[in-house]
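One-letter residues, chain by chain:
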Amino acid sequence: MRLIMPEIDDKELNLIKEVLDYGILTNDLKVKEFEDKIASYIGKKHAIAVSTGSAALHLAVLAAGIGEDDEVIVPAMAFPATVNALLFVKAKPVLVDININTLNLDPIGIEQKITSKTKAIIPVDLFGLPCDIDKITQIASKYNLVVIQDASYAFGSTYKGQPCGAKSEIAVFSFNERRVITCGEGGIVATDNQGIADRIRLFRNHAMHKEGKDQPAIFMGVGYNYRMSEIHAAVGLAQLDKLNGILEKRRKLGLEYNRIIEEMPNVTPPREPKDYTQNFGNYVIKLDVTLDTEHIKRKLGEREIPTTIGTYCIHQQPMYCSIEGIGHNYPVAEYTYKYGISLPINTKMNLDTIYYICEMLERFVV
């Protein structure tokens with residue numbers, strides 16, 4: 001049994017072979033097709049493909065004009081890539097605690113952290129559940145802030161009937177092997193803003209500009225080699241063709257987990273607010289504080305059930321805890337980090353696997 005397992009078959013292999021036979025391996029026809037299909041799915045004018053989700057975050061931050069000494073509000077619980085994108089441009093992360101039910105950035109805590117230096121808000125759709133982007137956007141509009149939705153986990157999830165990312169000025173997605181669909185590695189920045197899209201396209205390719213195909217390149221700044229390869233795009237295109245089936249399987253497994261775990265003592269399953277659907281990119285439960293998380297993980301491991309943490313408390317990591325003003329009092333994030341367990345969920349599993357995992361889990365939480 002594995003925590004994650006991408007759904008790969010001959011479709012990916014056939015499209016990779018097309019790329020190899022064609023002989024152009026970087027940022028060509030498959031990348032453009034992948035971008036167009038992602039843009040259409042989300043409902044955005046532009047979807048710019050890059051090498052990783054981290055690269056997508058970095059370019060989104062750059063394109064939004066965030067720079068040295070700007071303050072940016074981020075959740076206290078997130079994968080460090082979200083914060084690293086700010087440190088790359090010498091901006092200052094300002095942490096806000098997460099909501100106990102959604103595990104996403106809690107809008108209630110945002111306004112008290114806004115100062116004259118605040119430039120943006122980066123909410124994270126943790127574990128595939130969309131953040132409350134309407135409330136966050138309302139706050140951002142009040143203070144004239146940029147919102148960059150880090151939807152890395154949440155491709156295929158929906159918020160109030162729309163694809164996750166559709167309501168954001170800038171949305172970022174990841175397609176690494178831990179996501180619902182994968183390119184192996186890859187990222188997308190989606191936006192309707194022409195200027196932002198142009199800057200991202202420029203800086204993903206060494207800030208290189210050409211007036212015409214046969215004209216010499218002009219370098220407009222310090223750019224990056226963040227291009228997506230044709231091979232990665234080919235994998236992504238094959239995965240997109242399977243998206244609906246993958247989402248259907250994952251939701252069937254996730255909802256069955258929820259049904260069983262809801263009846264267990266001392267365990268809380270993931271919550272899904274009304275008008276939200278999550279892709280169950282990860283399945284993270286929360287244990288009661290009376291339980292020994294490490295003991296339970298160890299016992300499940302002995303029964304060949306792999307587990308891991310949900311993700312990280314930013315302020316508890318050595319790299320970030322010393323940043324001036326980062327703060328140290330984020331009780332919901334700290335609780336979730338200590339008592340959260342990510343259980344296996346992937347399309348190679350079936351309901352019998354869910355029943356086995358839940359049976360074993362119940363032995364150690366009662």
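Because the structure is a prediction, the values reported are computed rather than measured.

(A) View of the packing of helix α9 (residues 293-302) against helix α12 (residues 351-365). In contact at an axis separation of 10 Å, α9 and α12 are set at 145 degrees when each is read in the N-to-C sense. Between α9 and α12 the crossing geometry is right-handed. Only Met 360, Leu 361, Phe 364 and Val 365 of α12 make contact with α9, whose side of the interface consists of Ile 296, Lys 299 and Leu 300. Here the residues of the contact of α9 with α12 are counted per class, giving six nonpolar, no polar and one charged.

(B) Structural detail: the layout of surface pockets. Roughly 460 Å³ of internal volume is contained in the largest pocket. Lining the largest pocket we find 24 residues, and of these Phe 79, Tyr 153, Asn 176, Arg 178 and Arg 179 sit closest to its centre. Elements supplying a minimum of two residues to the lining of the largest pocket: α3 (53-63) and α4 (81-88). The biggest single contributor to the lining of the largest pocket is α3, with three residues.

(C) View of the nonpolar core. The biggest cluster of nonpolar side chains holds 48 residues, and the ones touching the most others in it are Val 61, Ile 66, Ile 148 and Ile 170. Of all the secondary-structure elements, those providing two or more residues to this core are β1 (46-50), α3, β2 (71-75), α4, β5 (146-150), β8 (170-174), α6 (194-203) and α11 (331-339). It is α3 that contributes the most residues to this core, seven residues altogether. Discounting chain neighbours no more than four positions away, the residues touching Ile 148 are Ala 60, Val 61, Ala 64, Ile 66, Ile 121, Ile 122, Pro 123, Ile 170 and Val 172. Among the nonpolar cores identified, the runner-up in size contains 31 residues, and Ala 166, Val 180, Ala 238 and Leu 243 belong to it.

(D) The arrangement of the pairing of strand β14 (residues 283-287) in detail. Where burial is concerned, most of β14 is hidden: five out of the five residues are buried. Here β14 shows two buried faces, one formed by Tyr 283, Ile 285 and Leu 287 and the other by Val 284 and Lys 286. Note that strand β12 (residues 267-268) and β14 share two bridges and pair antiparallel. What sits directly across from Val 267, in β14, is Leu 287. Of the pairings in the sheet, the one linking β14 to strand β15 (residues 340-343) comprises four bridges and is antiparallel in character. Directly across from Lys 286, in β15, lies its bridge partner Gly 340.

Definitions and cut-offs
Residues numbered from 1 in each chain as written. Predicted model: local features only at pLDDT ≥ 70, side-chain atom pairs only at ≥ 80, totals over all residues. Heavy atoms only, no water. Axes fitted to C-alpha atoms, helices over the stretch in contact; angles between N-to-C directions. Helix = DSSP H or I, 4+ residues; strand = E, 2+ residues; numbered from the N terminus. Left-handed = near helix turned anticlockwise from the far one by under 90°. Contact = heavy atoms within 4.5 Å. Nonpolar A, V, L, I, M, F, W, Y, C, P; charged D, E, K, R; others polar. 1 Å grid on protein atoms, 1.4 Å probe; cavity = no way out; pocket = protein on both sides within 12 Å on 5 of 7 lines; lining within 4 Å. Points joined across faces, edges and corners; volume = space filled by probe spheres on them. Core = buried A, V, L, I, M, F, W, Y, C linked by side-chain atoms within 4.5 Å. Buried < 20%, exposed > 50% of the residue type's maximum accessible area, 1.4 Å probe, protein only. Pairing = 2+ DSSP bridges.

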